[in-house]
Amino acid sequence: DQQVKQNSPSLSVQEGRISILNCDYTNSMFDYFLWYKKYPAEGPTFLISISSIKDKNEDGRFTVFLNKSAKHLSLHIVPSQPGDSAVYFCAATPSNFGNEKLTFGTGTRLTIIP
Amino acid sequence: EAGVAQSPRYKIIEKRQSVAFWCNPISGHATLYWYQQILGQGPKLLIQFQNNGVVDDSQLPKDRFSAERLKGVDSTLKIQPAKLEDSAVYLCASSIPRTGRRNTIYFGEGSWLTVV
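Here is a short report on the structure shown in this document. (Residues numbered from 1 in each chain as written. Chains lettered and ligands numbered in written order. Predicted model: local features only at pLDDT ≥ 70, side-chain atom pairs only at ≥ 80, totals over all residues. Heavy atoms only, no water.)

1. Describing the pattern of salt bridges
Pairs may arise between side chains of opposite charge once their charged atoms sit close together. Per the stated rule, a full pass over the model turns up six salt bridges over all chains. For Lys56 of chain A, the salt bridge is made with Glu58 of chain A, and the minimal N-O distance between the two is 4.0 Å. With relative accessibility at 42%, the residue Lys56 of chain A sits in the partly exposed group. Judged by relative accessible area, Glu58 of chain A falls into the exposed class, the value being 52%. Note that Arg9 of chain B and Glu109 of chain B form a salt bridge whose closest N and O atoms lie 2.9 Å from each other. Residue Arg9 of chain B is located in the loop between β1 (5-7) and β2 (10-13), and its partner Glu109 of chain B is located in the loop between β10 (106-107) and β11 (111-115); the two are separated by 100 residues in the primary sequence. (Salt bridge = Lys/Arg side-chain N within 4 Å of Asp/Glu carboxyl O. Buried < 20%, exposed > 50% of the residue type's maximum accessible area, 1.4 Å probe, protein only. Helix = DSSP H or I, 4+ residues; strand = E, 2+ residues; numbered from the N terminus.)

Shown next as structure tokens:
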């Protein structure tokens, strides 16, 4: 039972263009969503998050959009840079402030083409 | 600030053997997690500690996996006996539990296990 789904295993984008990574979830109890970035042979690192009370959160080149009615979120990276090439995991957790329990998607491998 | 430390980084064992992984969380982080990431999948939570108490171990295969955090700091994850399907990266993570506030979970680099 995959509660967090990333249906695109891989994505290639030209440098300077926009990268859009998508994530869907099924559990209505999830109300906090995160994106983690993972380089080979390293652990995931936190990138950006969004609470269910918002529909958009922006941090520099990274923006996360949340559509609660569709149970869908997306990560936009603009402009894309070669250093953005990594695997991106979407994660979600229910309303347990201070006791987060992350459920991860299967990841999308983003390749930025110079 | 030092990150989450894990060892060993890589381990190859034969099936039915045992293995142990060690984790030292970020200083001051009371919450410690062990995740299992099988190739091509996202990390899956195995067990969560708050100080030296278990908060959630519902997805830990208790017939072969065990974990402890005796003094509320370091933690050890053991697999005995190992099966082929245990081949994965075992990620340790930690966070500061702050009631009423969201916490960032920090991951270590992982311990890569291959069971042959």
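2. A look at the pairing of strand β3 (residues 19-25) of chain A
All names here are of chain A. The alternating pattern of β3 places Ser19, Leu21, Cys23 and Tyr25 on a buried face and Ile20, Asn22 and Asp24 on a face that is not buried. Across two bridges, the pairing between strand β1 (residues 4-5) and β3 is antiparallel. Bridging across to β3, Lys5 finds its partner in Asp24. With six bridges joining them, β3 and strand β8 (residues 72-77) adopt antiparallel strand pairing. Of the residues in β8, the one forming a bridge with Ser19 is Ile77. (Pairing = 2+ DSSP bridges.)

3. Regarding the side chain of Ser80 of chain A
Residue and element names in this part refer to chain A. Positionally, Ser80 belongs in the loop between β8 and β9 (86-94). With a relative accessible area of 1%, Ser80 lands in the buried category. A distance of 2.8 Å separates a polar side-chain atom of Ser80 from the backbone oxygen of Arg17. Once residues within four sequence positions are removed from consideration, Ser80 is found in contact with Val13, Gln14, Glu15, Gly16, Arg17, Ile18, Ser19, Arg61 and Ile112. (Polar contact = N/O pair within 3.5 Å; in protein donor to acceptor, adjacent residues only side chain to side chain. Contact = heavy atoms within 4.5 Å.)

4. Notes on the environment of Leu21 of chain A
Residue and element names in this part refer to chain A. With respect to the secondary-structure elements, Leu21 resides in strand β3. We classify Leu21 as buried; its relative accessible area is 1%. The residues contacting Leu21, other than those within four sequence positions of it, are Leu11, Trp35, Leu73, Ser74, Leu75, Ile77, Tyr88, Thr108 and Leu110.

5. Notes on the environment of Thr63 of chain A
Residue and element names in this part refer to chain A. In this fold, Thr63 is placed in strand β7 (residues 62-67). Since its relative accessible area comes to 9%, Thr63 is described here as buried. Taking the C-alpha atoms as reference points, Thr63 and Leu75, separated by 12 residues in sequence, lie 5.8 Å from one another. Setting aside its immediate chain neighbours within four residues, Thr63 contacts Ile48, Lys56, Asn57, Glu58, Ser74, Leu75 and His76.

6. A word on the sheet that holds β1 of chain B
Residue and element names in this part refer to chain B. Strands sit in the order β1-β3-β8-β7 across an open sheet of four strands; the sheet is antiparallel. Lying at the two open borders of the sheet, with one neighbouring strand each, are β1 and β7 (65-68). Averaged over all adjacent pairs, the angle separating strand axes in this sheet is 15 degrees, with direction ignored. In this structure, β1 lies alongside strand β3 (residues 19-24), joined through three bridges in antiparallel fashion. Paired with Ala5 across the two strands is Asn24, which belongs to β3. (Axes fitted to C-alpha atoms, helices over the stretch in contact; angles between N-to-C directions.)

7. Details of the state of the cysteines
Under the defined criterion, the tally for this structure stands at two disulfides over all chains. A disulfide bridge connects Cys23 of chain A with Cys90 of chain A, and the sulfur atoms are separated by 2.1 Å. Taking the sign of the S-S torsion, -75 degrees for the link of Cys23 of chain A and Cys90 of chain A, the bridge is left-handed. Within this pair, whereas Cys23 of chain A is found in strand β3, its partner Cys90 of chain A is found in strand β9, the two being separated by 67 residues in sequence. Per residue, the accessibility class of Cys23 of chain A equals that of Cys90 of chain A, and both read buried. What pairs with Cys23 of chain B in a disulfide is Cys92 of chain B, and their sulfur atoms sit 1.9 Å apart. Between Cys23 of chain B and Cys92 of chain B the disulfide shows an S-S torsion of about -70 degrees. By sign, it is left-handed. (Disulfide = S-S within 2.5 Å.)

8. Things to note about the sheet that holds β3 of chain A
As summarised here, the arrangement of the five strands in space is β1-β3-β8-β7-β6 (chain A), forming an open sheet in which the pairing is antiparallel. The outermost strands of the open sheet, each flanked by one partner alone, are β1 and β6 (56-59) of chain A.

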